[in-house]
Amino acid sequence: MSPTIYTIILSSLATGTIVTMTSFHWLMAWIGLELNTLAIIPIISTLHHPRSTEAATKYFLTQAAASAMILFSSMINAWNTGTWDITQMSYAPSNILLSLALALKLGLAPAHFWLPEVLQGSTLLTALIITTWQKLAPMSLIFMTMNNLPSTILLMLGLTSSTIGGWSGLNQTQTRKIMAYSSIAHLGWMAMIASIMSNIMIMNLMVYLMMTTALFTSLICSKSKTIQDTATTWTTSPTLAIITMLLLLSLGGLPPLTGFLPKWLVLEELIMQNLIPMATAMAMSALLSLFFYLRLTYTTTLTLPPNTLQMKFKW
């Protein structure tokens, strides 16, 4: 792709997100989401490979469906309340429809099936954009409509996402699919806390964005597409291997590291709200995620020489 076209596409991507984040009218928010979707389609399909074409098609269909649902829910709301203001979503059926549409847009379980497939069909850099930048616009919509969204649905979405994100990631060997399930699990934590304390949700999002960006960058540097590839990261750079280990443990949410902070605050808040079974289930699902992060950590840094390597060398 020529630099000029790439620049135009990336600036459209940025514009789409900014339009959604700064709009008060539902139609403008929808336009921003559509811009976002249309800008990333050529980025996904740059490889000219049947897999990337399939990924682009899947992404387009799910995002278009979710955008249509968002427009439909806001239209029902406008029909009943007479306002197109994002913060005035007071009609219950349109709120339910909106939360389901946002779940599809973000890839929250049970509407998560497109995310691992799309990431697997795209390059590591594109996967990074989809798991970080593309989450900003829908999350800002959740933040703006927070007071009206049905909290029961959000709690259930959060719990299922966290559990499925942990469970499905266990038997994956592809790093992109692992990152996709990791993304689903983290978004589950955000959805869980959204209706209770939105500022913790924002902090959770920031921590997630930083850690995911850093981890994807290290995977891009070491060209690690499968778990097998991560075993030879140390040949590229031993320092990178150590940083990757810390990042993986942080994503898993181990105490001295940054990734533990959002999980701790979410659990504390859930207990404050007397949602103890919910908090227990979330803590258990975090253990599932931790398992596959630990497996990645093991192959990346704990198989260094003079230990016996279990993988073939890159060269």
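Rules used in this analysis
Residues numbered from 1 in each chain as written. Predicted model: local features only at pLDDT ≥ 70, side-chain atom pairs only at ≥ 80, totals over all residues. Heavy atoms only, no water. UniProt positions renumbered as here; feature names shortened; annotations may be inferred. Helix = DSSP H or I, 4+ residues; strand = E, 2+ residues; numbered from the N terminus. Expected span 1.5 Å × (residues − 1). Buried < 20%, exposed > 50% of the residue type's maximum accessible area, 1.4 Å probe, protein only. Arc of directions from axis to C-beta. Contact = heavy atoms within 4.5 Å. Core = buried A, V, L, I, M, F, W, Y, C linked by side-chain atoms within 4.5 Å. Axes fitted to C-alpha atoms, helices over the stretch in contact; angles between N-to-C directions. Parallel < 35°, antiparallel > 145°, perpendicular 65-115°, else oblique. Left-handed = near helix turned anticlockwise from the far one by under 90°. Phe/Tyr/Trp six-rings, centres within 6.5 Å; stacked < 30°, edge-to-face > 60°. Lys NZ or Arg CZ within 6 Å of the ring centre and 35° of its normal.

The name an unreviewed UniProt entry assigns to the protein chain is NADH-ubiquinone oxidoreductase chain 2, from the organism Anolis cristatellus. The UniProt entry for the protein chain carries the following comment under Sequence similarities (unreviewed entry): "Belongs to the complex I subunit 2 family." Checking UniProt for the protein chain, the heading Catalytic activity (unreviewed entry) contains the comment "a ubiquinone + NADH + 5 H(+)(in) = a ubiquinol + NAD(+) + 4 H(+)(out)".

Before we go on, may I ask you to explain helix 14 (residues 260-272) in this structure?
An α-helical segment advances 3.6 residues per turn. Residues three or four places apart therefore align on the same side. Taking 1.5 Å per residue as the helical rise, helix 14 with its 13 residues ought to reach 18 Å, and the 18 Å between its terminal C-alpha atoms agrees with that figure. Of all the positions in helix 14, only P262, K263, V266, E269 and L270 are classed as buried. Projected down its long axis, helix 14 carries its buried residues within an arc of 135°, all on one side. Against the buried residues of helix 14 lie helix 9 (175-194), helix 10 (198-221), helix 13 (238-252) and helix 15 (276-301).

Explain the nonpolar core to me, please; I cannot follow it from the model alone.
A general feature of soluble globular proteins is that nonpolar side chains tend to end up buried together. With 42 residues, the main nonpolar core has W26, I70, M139, L141, I142 and M192 as its most contacted residues. With 7 residues, helix 9 is the largest single contributor of residues to this core. Ranked by size, the runner-up nonpolar core spans 38 residues in total, among them A55, V207, L248 and L296.

What am I meant to see in the UniProt feature "domain: NADH:quinone oxidoreductase/Mrp antiporter transmembrane" (unreviewed entry) in the protein chain here?
UniProt marks residues 25-288 with the feature "domain: NADH:quinone oxidoreductase/Mrp antiporter transmembrane" (unreviewed entry), using the numbering shown here. Overall, residues 25-288 shows 77% helix and 0% strand. The separation of its end C-alpha atoms is 40 Å.

Would you explain helix 1 (residues 3-22) in this entry?
With 20 residues, helix 1 extends 28 Å between its outermost C-alpha atoms, agreeing within 8% with the 28 Å of an ideal straight helix rising 1.5 Å per residue. By the burial criterion, the buried members of helix 1 are I9, L13, G16, T17, V19 and T20. Buried residues along helix 1 cover an arc of 160° about the axis, so they all sit on one side. Seen from the buried face of helix 1, the exposed residues on the opposite side, beyond 90 degrees, are P3, T4, T7 and T22.

I tried to follow the UniProt feature "transmembrane region" (unreviewed entry) in the protein chain on my own but got confused; where do I start?
Taking the numbering used here, the UniProt-annotated feature "transmembrane region" (unreviewed entry) corresponds to residues 59-76, 96-115, 152-171, 178-196, 202-221, 233-255 and 275-294. Its end C-alpha atoms 30 Å apart, residues 152-171 is made of 85% helix and 0% strand.

Would you take a moment to explain the packing of helix 2 (residues 26-44) against helix 7 (residues 136-144) for this structure?
The N-to-C vectors of helix 2 and helix 7 enclose an angle of 160°; their axes lie 10 Å apart at closest approach. In terms of axis orientation, helix 2 runs roughly antiparallel to helix 7. Read as a crossing pair, helix 2 and helix 7 show a hand that is left-handed. Counting all contacts with helix 2, which are made through W26, A29, L33 and N36, the residues of helix 7 involved are A137, P138 and L141.

Mind showing me how you'd approach unusual backbone geometry here?
A negative phi angle characterises most non-glycine residues, just as the trans form characterises most peptide bonds. Note that the residue after A109, namely P110, is joined by a cis bond; omega there is 5°. Within the secondary structure, P110 sits in the loop between helix 4 (92-106) and helix 5 (114-121). For H48, which is not a glycine, the phi torsion comes out positive at approximately 55°. Mapped onto the elements, H48 comes out in the loop between helix 2 and helix 3 (50-81). Residue class for H48 comes out exposed when judged on its relative accessible area of 72%. Unlike most non-glycine residues, K223 shows phi in positive territory, near 50°. Looking at the secondary structure, you find K223 in the loop between helix 10 and helix 11 (227-230). The exposure class assigned to K223 is exposed, which follows from its relative accessible area of 61%.

Is there a simple way to explain the packing of aromatic side chains in this structure?
Ring pairs (aromatic) are described by centroid distance and by the angle formed between their planes. This model, assessed by the stated rule, comprises 3 aromatic pairs. When the ring of Y59 is compared with that of W114, the centres are 5.5 Å apart and the planes differ by 70°; the resulting orientation is edge-to-face. Of this pair, Y59 sits in helix 3 while W114 is found in helix 5, placing the two residues 55 residues apart along the sequence. We note that Y59, like W114, is buried. On the basis of an interplanar angle of 45° and a centroid distance of 4.9 Å, the ring pair of F292 and Y293 is categorised as tilted. When its relative accessible area of 0% is taken as the criterion, F292 is described as buried. The exposure class of Y293 is buried, given its relative accessible area of 1%. The positively charged end of K263 is found above the aromatic ring belonging to W189, 5.3 Å away from the centroid.

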